[in-house]
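Residue-level listing of the chains:
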Amino acid sequence: MVVDCKSIFVVVPAYNEATQIADVIGRLLGANYSVVVVDDGSVDGTWDVLNTLPVHRLRHPINSGQGAALQTGMGYALQQGAQYIVHFDADDQHQVADISRMVEPLTTGEAEVVLGSRFLSRDHQRHVPWLKRLVLRGGILVNGLLTGLWLSDAHNGFRALSRSAAQRIHLKENGYAHASEILYQIRAQRLRYVERPTAIRYSEYSRRKGQSMWNAFNIVFDLLLGKVFT
Amino acid sequence: MRPIQSLLIAACVSLVLFYFRQLRSRVIDRAVVLGIGAMAVALLCAPDVSTDLAHFIGVGRGADLVTYLVFAGLGFVTLLFYSQQRKLEGRVTELTRTLAILDARQPPSPDLDAPR
């Protein structure tokens, strides 16, 4: 099925990405997608860089977290008529070339949500640092117990959603726990999902910017408290 | 009545009056605060009651019983505050989101009349 690329809205949450964001956005625009960047209260001039780019851009007046920025981007994309929404990191870890593979199951009706995975391909796995691989495996177990979804990669930020799925998901976890909250909502809403292999590029920049592995404990804490207090 | 009892009773009454005067809250909250304040003053006036009560439920001393109740109460209040904080955070996030979307900037529209 031929899909108009402009109906695919790539939502990019960004916090202090002034040095990288233009390159990342340039590659997305080169592939002709509609791009929505949500500046989550950056203080390094990210907003000034975004104002030079032909993209949809929004700015949180205060830093609220990646989950909050994603939800803002999704809400805006739906308002703009998006048929498919892709979650894409601003730190150049995700590959633009993988977007078409991620969206394909949505266009054929095979799934309503597509989740990227680093562990479906041996070639992609090799690039994941061994300690991070160990922590991620633990994360898969914890996520499975908390959300009921058993995936090969539970904390991959690369996702694609159909319009109807995006309308039914509403993130309340502002921080990194949103990744698990999405899985919980996929299960609760009985959304059809599949996993697709995606490559993650680990650069010195992305390693510095990425979440600390010890943040996994905070995520579990937030999720457990979220279950009690929601 | 010993001086410490008078001091503590005065402190209890002051706290309850401060709560009623300075903090707006629901009737049920005020009833709970009044009830706890009245119980505290009653135990301060008749400290042996806490000892009898402690023995009745299997605790060694009245002071221990009061300590356990205070810890339980503090735990409850902490969770209550955390719950309120999460709700407040959610409301701030919704406000932030609304402002961001209202002020969204769009890319320039393609010029459909431009010669190809």
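Look up: the structure comes first, before these words.
Counting restarts for each chain: residues are numbered from 1 in the order of the written sequence. Lettering for chains starts from A, numbering for ligands starts from 1, and both go in the order in which the items are written. This being a predicted model, a pLDDT of at least 70 is required before a residue's local features are given, and a value of 80 or more before pairs of side-chain atoms are given or counted; all residues contribute to the totals for chains, interfaces and linings. To obtain the side-chain values, all non-hydrogen atoms of the structure were included, while hydrogens and water were left out.

Undergrad: Looking at this structure, how should I read the overall build of chain A?
TA: Numbering of helices and strands starts at the N terminus; helices are DSSP runs of H or I of at least 4 residues and strands are runs of E of at least 2. Within chain A one finds 10 helices and 7 strands. Summary of the burial criterion: residues with accessible area below 20% of their type's maximum are buried, those above 50% are exposed, and those between are partly exposed, where the area comes from a 1.4 Å probe applied to protein chains only. Here chain A holds 230 residues, and 56% of them are scored as buried. Between two residues, a contact is recorded if the distance between any of their heavy atoms is within 4.5 Å. The long-range share in chain A, meaning contacts at least 24 apart out of those at least 6 apart in sequence, stands at 73%. Here the Shrake-Rupley method, with its probe set to 1.4 Å, supplies the accessible areas, and only the displayed protein chains count as covering residues. Accessible area for chain A stands at about 10100 Å²; split by element, carbon and sulfur atoms hold 54% of it.

Undergrad: How do you make sense of a nonpolar patch on the surface when you look at a structure like this?
TA: Taken together, Trp130, Leu131, Leu134 and Val135 of chain A make up a surface patch of nonpolar side chains, about 420 Å² in accessible area. Looking at where Leu134 of chain A falls in the secondary structure, it is placed in helix 6 (residues 130-147). Like charges are joined within 9 Å and nonpolar side chains (Val, Leu, Ile, Met, Phe, Trp, Tyr) within 5 Å, but only among residues with over 30% relative accessible area and no salt bridge; these make up the patches. By definition, a salt bridge exists where a carboxyl oxygen of Asp or Glu is found within 4 Å of a side-chain nitrogen of Lys or Arg.

Undergrad: It is not clear to me how helix 1 (residues 21-30) of chain A should be interpreted in this structure. Could you clarify?
TA: Residue pairs three or four apart in sequence face the same way in an α-helix, which turns once every 3.6 residues. All names here are of chain A. Every buried residue of helix 1 is listed here: Ile21, Val24, Ile25 and Leu28. Along the long axis of helix 1, the arc covered by the buried residues comes to 95°, so they all point the same way. Buried residues along helix 1 sit against strand 1 (8-14), strand 2 (34-39), helix 2 (46-50) and helix 4 (99-108). Among the residues trailing helix 1, Asn32 stands out with phi positive, at a value near 75°. Think of it as the arc spanned by the lines of direction from the helix axis to the C-beta atoms.

Undergrad: Honestly, the packing of helix 6 of chain A against helix 8 (residues 178-188) of chain A in this entry has me stumped. Any pointers?
TA: A pair of packed helices can be characterised by two numbers: the angle between their axes and the separation between those axes. Residue and element names in this part refer to chain A. In the contact formed by helix 6 and helix 8, the axes pass within 9 Å of each other and the chain directions differ by 40°. Put simply, helix 6 runs oblique to helix 8. You can see that helix 6 and helix 8 cross each other, and the crossing is right-handed. Contacts between helix 6 and helix 8 pair Asn143, Leu146 and Thr147 from the former with Ser180, Leu183, Tyr184 and Arg187 from the latter. For the contact of helix 6 with helix 8, the class distribution of residues is 3 nonpolar, 3 polar and 1 charged. For every element, the axis is a line fit to its C-alpha atoms; helices are fit only across the contacting stretch, and the angle between N-to-C directions ranges from 0 to 180 degrees. Under this scheme an angle from 65 to 115 degrees is roughly perpendicular, one under 35 degrees roughly parallel, and one over 145 degrees roughly antiparallel; angles in between are oblique. Left-handed describes a crossing in which the near helix is turned anticlockwise from the far one by less than a right angle; the clockwise case is right-handed. The residue classification treats Ala, Val, Leu, Ile, Met, Phe, Trp, Tyr, Cys and Pro as nonpolar and Asp, Glu, Lys and Arg as charged. All others, Gly included, are polar.

Undergrad: I keep staring at unusual backbone geometry and nothing clicks. Help me out?
TA: The phi angle of most residues is negative, glycine excepted, and most peptide bonds adopt the trans form. Residues and elements named next belong to chain A. Located in the positive-phi region is Asn32, a residue other than glycine, with phi close to 75°. The topology assignment puts Asn32 in the loop between helix 1 and strand 2. Assessed through its relative accessible area of 40%, Asn32 is described here as partly exposed. Positive phi outside glycine occurs at Asp92, with the angle close to 70°. Overall, Asp92 belongs to the buried group, its relative accessible area being 15%.

Undergrad: How do you make sense of the nonpolar core when you look at a structure like this?
TA: As a rule of thumb, nonpolar side chains are buried together in soluble globular proteins. All names here are of chain A. To qualify as a nonpolar core, a set must consist of buried Ala, Val, Leu, Ile, Met, Phe, Trp, Tyr and Cys residues joined through side-chain atoms within 4.5 Å. In this structure, Val12, Ile21, Ile25, Leu28, Val37, Phe88 and Ile99 are the most contacted members of the largest nonpolar core, which totals 31 residues. Looking at this core, the elements that each hand over two or more residues are strand 1, helix 1, strand 2, helix 2, strand 4 (84-87) and helix 4. Setting aside chain neighbours within four positions, we find Val12 in contact with Ile21, Ile25, Leu28, Val35, Val36, Val37, Val38, Phe88, Asp89 and Ala90. With 30 residues, the next largest nonpolar core counts Phe9, Leu70, Tyr76 and Ile186 among its residues.

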